[in-house]
Amino acid sequence: MTEKAPLLHYRLTTSTGPEPKDVSRLGGAKEKTTRKLGVVFGVVIPTLLSMFSVVVFLRIGFVVGQAGLYQSIVMFLVAYFIITMTVLSVCAISTNGALEAGGAYYMISRALGPEFGGSIGIMFFFANVCGSALYVLGLVEAIMSAFGIPEEGAAAVAGPHQVLPSGYWWSLLYGTVLLFLCLVVCLVGAHIYAKATFIILIIVATVLTSVFISFFIVAPTVVILPDRSVRNSTSLNTANYTGFQLHTLEDNLLPSYTIDYTTGAMMSFAKVFAVMFNGCTGIMAGSNMSGDLKNPSYSIPRGTVAAVFITFITYNLLSLLAAGTCDRHLLQKDYSFLGDINVWPPLVTIGIYSSAMSAAMSNLIGASRILYALSKDNLFGGVMAVARKTSRSGNPWVSVLISWLLVQVVLFAGKLNTIAGIVTIFFLLVYAAVNLACLALEWASAPNFRPSFRCFTWHTCTLGIVGCLIMMFLISSIYAFASIAFMLLLLMLIHYLGPISNWGYISQALIFHQVRKYLLMLDVRKDHVKFWRPQILLMVANPRSCTGLITFINDLKKSGLYVLGHVKLGLLDGLPSDPLQTCYDSWLCLVDHLNIKAFVNLTLADSVRHGVQNLLFITGFGGMRPNTLVLGFYDDCTPQDHLSADHGLDLMSPSIDRGEQHSPFFPNVRVEEEPKDLQEEEYVSVIADAVKMGKNVTLARYFNQFNREEVLGSGKKFRGHRSLAGPYVDVWPLNLLRPDSRGYVDICSLFLLQLASVLQETRAWSQARLRLFLCVEAGCSLKEEEEMKLRVMLKELRISAQVQMVAWDQVVALHWQRRGGMERGNLVESAHNEERRDRREEAEEEDGIENFPNNAVQLTDEYIVAVNNLICRHGAPQPAVRFLYLPRPPADTSRYRAYLHQVDLLSRDLGPTLLIHGITPVVTTDL
């Protein structure tokens with residue numbers, strides 16, 4: 001039982017763990033051989049050496065000499081405030097589950113998702129690469145200061161030990177040799193590196209002890225300044241070490257920024273801070289070793305906090321002692337003054353060389369581990385595949401070689417202070433991302449985010465982010481903008497090109513948290529007609545045959561709710577599990593494939609009618625519920641498969657594992673001989689049920705003929721040129737199956753106009769032109785009155801449409817002949833009767849009673865065919881889509897077949913057509 005405890009602990013605590021294939025290897029022999037390091041060797045020692053590095057010996061005098069003691073302490077406080085906030089976030093994330101190789105990259109990617117993780121991982125990789133080059137250059141600088149031959153005629157004052165040739169190319173050669181030594185150690189493996197760093201730590205600790213002692217026991221002396229610091233200058237070539245003197249301390253309290261003798265640049269607070277902050281950027285050295293730690297969640301918090309505390313005390317003590325004992329001229333002109341005042345000067349030189357080498361190795365091995373983690377996650381496809389190769393012991397030697405090559409390229413910069421600002425900004429950006437990851441996890445309130453390290457709040461994360469961003473722009477606004485832009489570019493590349501991961505996306509948790517809050521605030525009692533928008537439930541039997549309709553309704557929704565509904569026939573009784581669970585993935589892939597903004601809602605029912613009822617009852621939340629039901633038309637057209645040519649979607653699997661091949665999930669389209677899932681009466685019952693439930697109903701016909709690219713292609717190509725003719729959208733607002741009704745302004749007619757206007761406001765349909773057809777009798781006195789009334793209404797509703805008057809005397813005559821030869825003179829009387837009946841029905845609706853009209857008017861097929869021909873004759877040029885008035889289903893269920901037959905004749909062979917029945921007031925003339 002005890003041997004299996006670590007694996008059990010991993011499975012219980014991790015919330016954003018690795019992929020399943022990685023879990024299986026946790027207990028294997030390979031992990032046992034590679035995970036050997038503990039708190040001291042794995043975290044404390046690498047972090048201490050990375051933070052001390054070359055800065056503690058070569059830049060303490062630079063910082064105090066330029067900024068003065070007061071501003072130096074302020075710099076250390078600001079820097080350590082930033083890194084302390086970041087350390088708290090690192091500790092929180094690292095104690096929230098099992099941590100794999102990759103350090104900060106692994107934390108950010110598993111917390112924020114692959115986009116942020118991959119982009120920040122690349123930035124952190126470059127930060128470690130530049131950091132390694134920076135420490136190598138610092139070491140070269142120290143070597144040349146002690147052993148380099150002075151360049152310009154200073155051979156007379158050169159000591160016997162100054163034998164190394166000087167110059168840019170010689171310095172590059174020395175740096176290359178030193179970097180190669182780091183490469184050899186890193187290729188051997190992390191365990192050898194850890195042992196080497198332990199020896200180096202002993203050396204550095206001994207040197208620091210001698211430095212502290214030297215401040216107290218070395219007598220005041222005159223120090224000869226390096227040749228470079230006084231060349232081409234009127235400054236003295238000597239400076240004083242005064243020992244503890246009050247006037248020396250007073251002289252070093254305030255800033256005195258001068259020209260840096262190594263780069264020739266004028267210093268400022270931001271530039272000095274950039275150099276100093278490099279001594280604080282090693283806090284991730286322990287985290288970078290996460291893949292080599294026996295227990296990362298235990299080692300990283302304790303080791304990192306201890307190392308940060310030790311370095312903070314050391315830096316401030318050294319600053320105070322230097323300010324109280326060294327002349328300002330000495331601090332500004334001799335960065336290696338600690339060796340000049342030491343009891344045994346070679347000891348400081350040994351410390352500089354040792355710390356610089358360890359820091360360079362730490363950054364090199366950290367960069368290689370980050371690159372290896374990036375390659376394992378396959379975020380950039382096959383570009384990094386070669387970096388996944390490891391030795392038998394698990395050392396990623398290819399990643400080490402790639403990192404070494406990039407460090408070699410950076411060495412061409414030549415000077416430590418030249419790249420210090422870039423390195424600092426990269427590290428600050430990574431620290432800001434770590435704080436952002438912890439803040440996002442805290443704000444998401446995810447139940448599985450419960451780190452054992454609790455010394456953090458969202459306030460500390462926010463302060464860390466703000467501090468990092470402020471210092472980035474203070475150091476260099478150009479570099480800061482460039483690094484952020486580069487990170488965003490990487491983020492977009494990974495988002496569009498990277499594979500789908502199963503790490504968990506913090507964005508989804510944050511969106512859920514916010515959406516739930518705002519859905520509760522969305523009060524249906526505050527709805528107003530001014531802000532009405534279509535919220536559509538489209539019932540889909542088989543998406544293979546209706547992709548045209550799905551994409552068209554996506555244009556019609558006008559930023560409203562859009563839900564694809566599907567009813568699977570069956571009962572849960574007797575089934576081992578819900579058969580719909582494996583279907584959602586395929587439907588969501590369909591949404592992605594068609595590039596639409598829609599939700600998916602599936603249900604299991606014993607009939608289509610009951611399934612649609614269920615979806616109308618339960619779809620949506622609060623104020624976001626469908627108000628319009630869209631159905632495909634019930635006809636005898638043979639369905640066509642529009643997805644068969646798309647093999648990428650056709651072979652899509654409902655399983656999560658995309659690596660396996662499965663048969664297509666969406667069934668083949670129904671052939672002509674196969675029976676339908678519902679009969680005519682049930683289909684009309686679905687329409688009647690929706691109307692009873694207060695939903696608008698739309699029947700879509702012939703959208704298998706609708707090709708969005710063909711209809712809108714020219715408009716996309718020449719968008720913005722209003723003179724070009726766009727597609728036509730025809731609207732027939734009259735209830736053509738009730739020719740004895742009068743007036744055009746009722747709720748359903750206005751609903752037709754609103755939907756047509758919504759479609760025209762869509763960007764893709766902005767070139768579409770509305771044609772409104774007004775059917776009148778030539779001899780009717782109401783012709784001019786109705787036309788004027790309609791034009792005024794369109795103007796008040798801000799709807800731009802071309803109104804066309806259509807004479808339909810001969811068509812209406814067919815209807816009156818059926819009614820027993822009624823005289824045309826009786827038309828007005830009949831119209832008044834119909835108006836009185838309409839007012840009676842409206843009064844009943846206002847009282848809360850919605851009755852279906854008895855639809856006593858008997859219509860002949862001859863009349864309906866004539867109306868259909870009338871619509872066809874006035875459809876030149878051919879419109880992209882037609883909007884027709886759909887009457888309510890009859891109250892008598894025995895007339896359902898006749899009702900469907902009439903609607904079928906009305907819309908036959910009209911091309912893409914929407915038959916719409918609206919019961920919701922959707923327009924207003926109020927502001």
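This report concerns the structure included in the present document.

A surface patch of nonpolar side chains, amounting to about 670 Å² of accessible area, comprises Trp170, Leu173, Val177, Phe180, Leu181, Val184, Val188 and Ile192. It is helix H9 (residues 168-188) that provides the largest number of residues to the nonpolar patch, a total of 7 residues. Mapping Trp170 onto the fold places it in helix H9.

With that out of the way, let us pick up the nonpolar core. One finds Phe57 and Ile83 to be the most contacted residues of the largest nonpolar core, which totals 157 residues. Ignoring any residue separated from it by four or fewer positions in sequence, one finds Phe57 in contact with Val204, Val207, Leu208, Tyr335, Leu338, Val348, Gly351, Ile352 and Ser355. Counting 59 residues, the second-largest nonpolar core is a separate cluster that includes Ala598, Ala768, Ile799 and Val922.

Attention shifts here to the side chain of Thr913. Tracing the chain through its elements places Thr913 in strand S12 (residues 913-917). Once residues lying within four places of it in the same chain are set aside, the contact partners of Thr913 are Leu699, Ala700, Arg701, Phe703, Val881, Arg882 and Leu884.

Under the defined criterion, the tally for this structure stands at 23 aromatic pairs. Ring geometry for Phe552 against Phe706: centres 5.4 Å apart, planes inclined by 75 degrees, an arrangement best described as edge-to-face. With Phe552 in helix H24 (residues 547-556) and Phe706 in the loop between strand S7 (696-701) and helix H29 (708-717), this pair connects stretches of sequence that are 154 residues apart. When sorted by exposure, Phe552 lands in the same class as Phe706, which is buried. Within the aromatic cluster, the residues linked to one another by ring pairs are Phe552, Phe703, Phe706 and Trp765. Between Arg59 and the ring centre of Phe62, over which it is positioned, the NZ or CZ distance is 5.9 Å. Lying across the ring of Tyr728, Arg771 places its NZ or CZ 4.2 Å from the centre.

For Leu752, the location among the structural elements is in helix H30 (residues 747-761). On the basis of relative accessible area, Leu752 is assigned to the buried category, the value being 0%. For the pair formed by Leu752 and Pro733, sequence separation is 19 residues and the distance between their alpha carbons is 6.6 Å. Non-local contacts of Leu752, meaning those with residues more than four positions away in its chain, are made with Val731, Trp732, Pro733, Phe883, Leu884, Tyr885 and Ile916.

All right, on to the packing of helix H6 (residues 60-94) against helix H15 (residues 296-325) then. Two elements in contact, H6 and H15, have axes whose closest approach is 10 Å; the angle formed by their N-to-C orientations is 170 degrees. Taken as axis vectors, H6 and H15 run roughly antiparallel relative to one another. Across the contact of H6 with H15, the residue classes break down as 20 nonpolar, 7 polar and no charged.

Scanning the model with the defined rule gives 8 salt bridges in all. The closest approach of N and O atoms between Asp555 and Arg708, which form a salt bridge, is 2.7 Å. Of the two residues, Asp555 sits in helix H24 while Arg708 sits in helix H29, which places them 153 residues apart along the sequence. In this pair, the class of Asp555 matches that of Arg708, namely buried. Several salt bridges converge on common partners, so that one network encompasses Asp635, Arg701, Asp904 and Arg908.

Our next topic: the pairing of strand S3 (residues 536-539). Regular strands have side chains that alternate between both faces of the sheet. Neither face of S3 is open: one carries Ile536 and Leu538, the other Leu537 and Met539, and all of them are buried. In the sheet, S3 pairs with strand S4 (residues 562-569) via 4 bridges, with the strands oriented parallel. For Ile536, the partnering residue across the bridge sits in S4 and is Tyr562. Handedness of the crossover is the feature at issue here: the chain leaves S3, passes through H24, returns alongside S4, and the resulting connection is right-handed. Judged from the 3 bridges that link them, S3 and strand S6 (residues 628-632) form a sheet pairing that is parallel. Bridged to Ile536 within S6 is Thr628.

The next point concerns the environment of Leu439. When you line up the elements, Leu439 lands in helix H20 (residues 416-444). With sequence-adjacent residues up to four places away left out, Leu439 is seen in contact with Trp458, Cys461, Thr462 and Ile465.

Further remarks concern helix H26 (residues 608-618). Those residues of H26 that sit buried are Val608, Gly611, Val612, Leu615 and Leu616. For H26, the buried positions fall inside an angular range of 135 degrees around the axis, keeping them on one side. More than 90 degrees from the buried face of H26, the exposed residues found are Phe617 and Ile618. Positive phi appears at Gly620, one or two residues downstream of H26, with a value of about 95 degrees.

This paragraph deals with the sheet that holds S6. Read from one edge to the other, the open sheet built from 10 strands follows the order S5-S4-S3-S6-S7-S12-S11-S8-S9-S10, with strand pairing classed as mixed. A strand with exactly one partner marks an edge of an open sheet, and here the two such strands are strand S5 (599-605) and strand S10 (802-807). Across the sheet, the axes of successive neighbouring strands diverge by a mean angle of 25 degrees, strand direction being ignored. Where strand S9 (residues 769-776) meets S10, 6 bridges bridge the pair, whose relative direction is parallel. When the bridges of S10 are listed, Leu774 appears paired with Met805. Against the sheet, H26 touches S3, S4, S5 and S6, its axis set at about 135 degrees to S5.

Conventions used here
- Residues numbered from 1 in each chain as written.
- Predicted model: local features only at pLDDT ≥ 70, side-chain atom pairs only at ≥ 80, totals over all residues.
- Heavy atoms only, no water.
- Patch = residues over 30% accessible without salt bridge, like charges linked within 9 Å, V, L, I, M, F, W, Y side chains within 5 Å.
- Areas by Shrake-Rupley, 256 points an atom, 1.4 Å probe, with all protein chains shown as cover.
- Salt bridge = Lys/Arg side-chain N within 4 Å of Asp/Glu carboxyl O.
- Helix = DSSP H or I, 4+ residues; strand = E, 2+ residues; numbered from the N terminus.
- Core = buried A, V, L, I, M, F, W, Y, C linked by side-chain atoms within 4.5 Å.
- Buried < 20%, exposed > 50% of the residue type's maximum accessible area, 1.4 Å probe, protein only.
- Contact = heavy atoms within 4.5 Å.
- Phe/Tyr/Trp six-rings, centres within 6.5 Å; stacked < 30°, edge-to-face > 60°.
- Lys NZ or Arg CZ within 6 Å of the ring centre and 35° of its normal.
- Axes fitted to C-alpha atoms, helices over the stretch in contact; angles between N-to-C directions.
- Parallel < 35°, antiparallel > 145°, perpendicular 65-115°, else oblique.
- Nonpolar A, V, L, I, M, F, W, Y, C, P; charged D, E, K, R; others polar.
- Pairing = 2+ DSSP bridges.
- Right-handed = clockwise from strand over helix to strand, strands pointing away.
- Arc of directions from axis to C-beta.

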